[in-house]
Amino acid sequence: MTTILTAQAVHTIDAGTSGDAIAIDDGQILAVGSAADLAEAHPGATVDDRYGDQVILPGFVEAHAHSMAGGIWQHLYVGYFDSRGPDGKVWSGCRTLDAVIERLAEAEATLDDPYEPLLAWGLDPIYFPGERFVAAHLDEVSTTRPILVAHASMHLLTVNTAVMEKEGIDADTLADGVPKDGAGDPIGELQEPAAMRLAGDSFVRFFVSLMAEEGLRNYGRLAGNAGVTTIVDLGGTPIDNDRLVASWKSLTAESSFPARVVIFHNPGMGGVTPDLNEIAEIAVARQGESTDKLRFGPIKFVLDGSIQGYTARVTEPYVTGKDNGLWLIPPAQLADWIRPVVANEMLLHVHCNGDQAVDVMLDAFTEATGGSPYADHRTTIQHCQLTRPDQYQRMAELGMCANLFSNHFWYWGDQHHDLTVGPDRAVGMNAAASVLGLDIPLSIHSDAPVTPLGPLHVAWCAANRQTANGRVLGEDERLSVDQALHAITLGAAHQLRMEHEVGSITPGKRADLVVLDADPHDVGASGLRGLGVVATVLGGEHHPVG
Amino acid sequence: MTVAVPLTVLGGYLGAGKTTLLNRVLTADHGLRIAVIVNDFGDIAVDEALVEPEDGNVLALANGCVCCQAVDGLGSALDDLSALETRPDHVIIEVSGVGDPWAVAQWGRTPGYALDGVLVVVDPESLGTWLADQYVGDTVADQIRAADVLIVSRTDIAAANEVAAAREMLRALSDAPIADGPTAGPELLLPVERLGRQPGTDHPLHVAHSFVPRSMDRAQLRAWLDGTPVEVVRIKGLVDDGEHGLIGQLSGRRVEVSRRRDPRPIDPVMTMIGRPGTDPGVLIAWAAGIVA
């Protein structure tokens, strides 16, 4: 049964196709053209004009996000920027600590059970310089109910006095990550995992819930709301975790789950130094369990930390804070980690935020492959934020891809300019135009939940490079609207080895579409983030937003 | 309330000699039930040791992001050990080659555990190379700065000038005691209180002295620990302070005094471990300052 979907405009992201209507049959794209031509070519087809006033693009592809982004919405959002939850509700940003307290108090008033902990997330103290969010703030909300607020970095919690009393956190607590006031009493901050876990039951509830099935369901909803039809879980699901794998299988089998999910396994997570040969075997075996909507096989490594956390590995020291970051894989071992992945021709994405991490990755990859990797390997450097021009040159020579964290300009661009790497490096961050200039396959990402899932916002960032304070960082590196749209569709699909299935509206590909309320070309670069997602279509199935 | 299980953190860069040291301690005749949380199963002598993997006593160490460390990693590993019917006498965590031992040591503050010591091993032949390495030089230096006690491995086979050079490099970064790997072992890794109770305190690898300390307050105990002579590498004990008691501890150069929470009465006791070859008189003389 063929359907002809008409629109005000269809942007195919495929130079070979154009028109204002799409013929779809059995979840696949049959043809693109004018509505009249398609009707003539497909007599008996049903014409569906529900999107007649709207604009259709290929469904967005997010190649760097974590399923925890869904799970975290089971808890109260108190972040600085507006953010849309899985139910479609937009939560306004809490621009002051008073606003944070007010939101917590509102939520507290709705809880019946006086012992149920109030759990919240998203607080980023970097936006409140000179202020410190401590137990005394939370005690204004309740002195009896346990309250835990996870900071945006997820490396820090603030808890109230009720939590500290319940868990025995006091002047005698020795852990380094429990700062004390002048009188020697803990202020309510718990820093890094060992101290965070002192929050006991509240902590366990918060973190265990992140990968619960309801959270994975939320992840799908977030994707749909953002116009994303193919999304990764980049290292969040260990492929040897049968419970999680089973959850994914049953969830993605539901027709209401609106996205395809690509599971990347991170062998460095939660275990011993991995036996990569064994991991490769498991990954290859799991690959056989893949379905239309669920893919196994790719591998992710994490080499360093984050720039705003001063844990990314950099060649030149940070301008304030620490000199350098930390390694999560010993540089000397990286080639050994890469070898079995390359030998099995598996897809590999490697997190490298700082330029020193990229140096190590390029050297290790060269060593592991003898400098001549197998054809079309698509090894991707994820984040790749501080990569230097000489490194991009090497990436091009080695056939690597770059997935840039363009959202940083809006969320931390001012902090990078003033505090972390300084103006000279800040203007060269996430150098998307340079990447395209070298013909390196490009994508751009949100890293949700680090920043909200939303390819249109990421595209806006890459096309404008504007900070929250209105600075433009590196105007020569701005993408055009078409380049930015390519990066969030076909560019990302290429890095997932799925460009033959998704990423453009091309006959033979899956009917995965996003419907927008206006035309990106009409609103231009500055209007990209204001575009509204009306619905997505996945394999011909319609998923209205909200 | 149960007694806190002592927890030792063993750090050092790749190839430093951590596993060799660990294996020697595990297979030594100490009669203790030791749980080891390792970063790499590779070469740990689990078959010969008193650890039984089927009991979950050798556990995987997480070195990933915050959530996996907290939920699936070290946090849950320690919870699993606490839940065992017979809790281990001691826990040793081997840190990954690029891990920060002091950050990992914070897990020793988990309820039910007590941080015993942070030991960092270096290989005299490669230390200079790694400290000068453009990628990991700062990581290795930070590991050395985190140590309560530093251990130079392979001093029996490395050239004497290399060992001396390694000691100098360590001294430039830290004032922690420096021990020789081939002779260091139980006296550094095993719980002080258990060593002191073993018969024959003139063990060839260490010198121990146990005594009953007089009652004192927190400041007095801390002052005594702070002044400890360098020959004494470890001290641990319980002191009567007129309340629930104080726990005093010296590990290398790190001193900690904490209040006991357990209301049950205590038998005050203090155990000191000296470096191999130390004149026991040094220990006895220092103990005299607070002996009952």
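Residues numbered from 1 in each chain as written. Chains lettered and ligands numbered in written order. Predicted model: local features only at pLDDT ≥ 70, side-chain atom pairs only at ≥ 80, totals over all residues. Heavy atoms only, no water.

1. Let's talk about the layout of surface pockets
Residue and element names in this part refer to chain B.
- The space that makes up the second largest pocket amounts to roughly 1400 Å³.
- Val3, Ala4, Tyr113, Ala114 and Ile247 are the residues nearest the centre of the second largest pocket, which is lined by 47 residues in total.
- Elements with a contribution of two residues or more to the lining of the second largest pocket: strand S1 (5-11), strand S5 (113-122), helix H9 (192-197), strand S9 (232-239), strand S10 (246-251), strand S11 (254-259) and strand S12 (269-274).
- For the lining of the second largest pocket, the class distribution of residues is 20 nonpolar, 11 polar and 16 charged. (1 Å grid on protein atoms, 1.4 Å probe; cavity = no way out; pocket = protein on both sides within 12 Å on 5 of 7 lines; lining within 4 Å. Points joined across faces, edges and corners; volume = space filled by probe spheres on them. Helix = DSSP H or I, 4+ residues; strand = E, 2+ residues; numbered from the N terminus. Nonpolar A, V, L, I, M, F, W, Y, C, P; charged D, E, K, R; others polar.)

2. Regarding the packing of aromatic side chains
All names here are of chain B.
- Throughout the structure, instances matching the rule amount to 21 aromatic pairs over all chains.
- Judged by centre distance (6.2 Å) and plane angle (75°), the rings of Phe211 and Trp224 are edge-to-face. Of this pair, Phe211 sits in strand S8 (residues 207-211) while Trp224 sits in helix H10 (residues 218-226), and the two are 13 residues apart along the sequence.
- Judged by its relative accessible area of 7%, Phe211 falls in the buried class. (Phe/Tyr/Trp six-rings, centres within 6.5 Å; stacked < 30°, edge-to-face > 60°. Buried < 20%, exposed > 50% of the residue type's maximum accessible area, 1.4 Å probe, protein only.)

3. Here's the deal with the packing of helix H10 (residues 276-287) of chain A against helix H11 (residues 334-343) of chain A
Residues and elements named next belong to chain A.
- Look at H10 against H11: their axes get within 9 Å of each other, and the N-to-C directions meet at 30°. As the angle between them shows, H10 and H11 are arranged roughly parallel. In this structure, the crossing between H10 and H11 has a hand that is right-handed. Residues Leu276, Asn277 and Ala280 of H10 lie in contact with H11, whose contacting residues are Trp337, Pro340 and Val341.
- Broken down by class, the residue content of the contact of H10 with H11 amounts to five nonpolar, one polar and no charged. (Axes fitted to C-alpha atoms, helices over the stretch in contact; angles between N-to-C directions. Parallel < 35°, antiparallel > 145°, perpendicular 65-115°, else oblique. Left-handed = near helix turned anticlockwise from the far one by under 90°. Contact = heavy atoms within 4.5 Å.)

4. Re the sheet that holds strand S16 (residues 294-295) of chain A
Residues and elements named next belong to chain A.
- In spatial order, the strands read S6-S14-S15-S16; together these four strands make up an open sheet with parallel pairing. One side of each edge strand has no neighbouring strand; the edge strands of this open sheet are strand S6 (60-62) and S16.
- The pairing of strand S15 (residues 260-264) with S16 spans two bridges and is parallel. Bridging from a neighbouring strand, Val262 pairs with Arg295 of S16. (Pairing = 2+ DSSP bridges.)

5. Some thoughts on empty space enclosed by the protein
All names here are of chain B.
- Enumeration according to the criterion identifies one cavity of 30 Å³ or more in this entry.
- One number sums up the size of the largest cavity: a volume of about 90 Å³.
- As for the largest cavity, its lining consists of 14 residues, of which Tyr13, Ala16, Val122, Asp123 and Leu127 are closest to the centre.
- Mapped by element, the contributors of at least two residues to the lining of the largest cavity are S5, helix H5 (127-132) and helix H6 (137-145).
- A class-by-class count of the residues in the lining of the largest cavity yields 10 nonpolar, three polar and one charged.

6. As for the domain arrangement of chain B
All names here are of chain B.
- Domain annotation of chain B identifies domain 1 (5-189) and domain 2 (207-290).
- On the domain 2 side, the residues contacting the 22 residues of domain 1 number 12 residues.
- A combined buried area of about 1200 Å² lies between domain 1 and domain 2, and 40% of that area is made up of carbon and sulfur atoms.
- Here domain 1 is connected to domain 2 by five salt bridges. (Domains from an automatic or database assignment. Buried area = accessible area lost by both parts, 1.4 Å probe. Salt bridge = Lys/Arg side-chain N within 4 Å of Asp/Glu carboxyl O.)

7. Brief notes about the domain arrangement of chain A
All names here are of chain A.
- The assigned domain composition of chain A is domain 1 (62-67 + 218-537) and domain 2 (68-208).
- Distance from the C-alpha centre of domain 1 to the C-alpha centre of domain 2: 29 Å.
- Listed per partner, the contact involves 15 residues of domain 1 and 16 residues of domain 2.
- Interface area, domain 1 with domain 2, both sides summed: about 1400 Å², of which 63% is carbon and sulfur.
- Seen at the junction of domain 1 and domain 2, the total is zero salt bridges.
- The tally of links from domain 1 across to domain 2 stands at nine residue pairs in polar contact (both at pLDDT 80 or more).
- Of all elements in the fold, only helix H8 (213-225) and helix H14 (408-420) reach the threshold of two or more residues within the side of domain 1 that touches domain 2.
- Looking at the side of domain 1 that touches domain 2 residue by residue, the class counts come to nine nonpolar, five polar and one charged. (Polar contact = N/O pair within 3.5 Å; in protein donor to acceptor, adjacent residues only side chain to side chain.)

8. A few points about the pairing of strand S20 (residues 401-404) of chain A
Residues and elements named next belong to chain A.
- Burial along S20 is two-sided: the residues Cys401 and Asn403 and Ala402 and Leu404 are all buried.
- As defined by bridge partners, strand S19 (residues 380-383) adjoins S20 across four bridges and the pair is classed as parallel. Bridge pairing links Ile381 to Ala402 in S20.
- Read as a crossover between parallel neighbours, the route from S19 over helix H13 (residues 389-398) to S20 is right-handed.
- Sheet topology places S20 next to strand S21 (residues 442-444); three bridges connect them, and they run parallel. When the bridges of S21 are listed, Leu404 appears paired with Ile444. (Right-handed = clockwise from strand over helix to strand, strands pointing away.)

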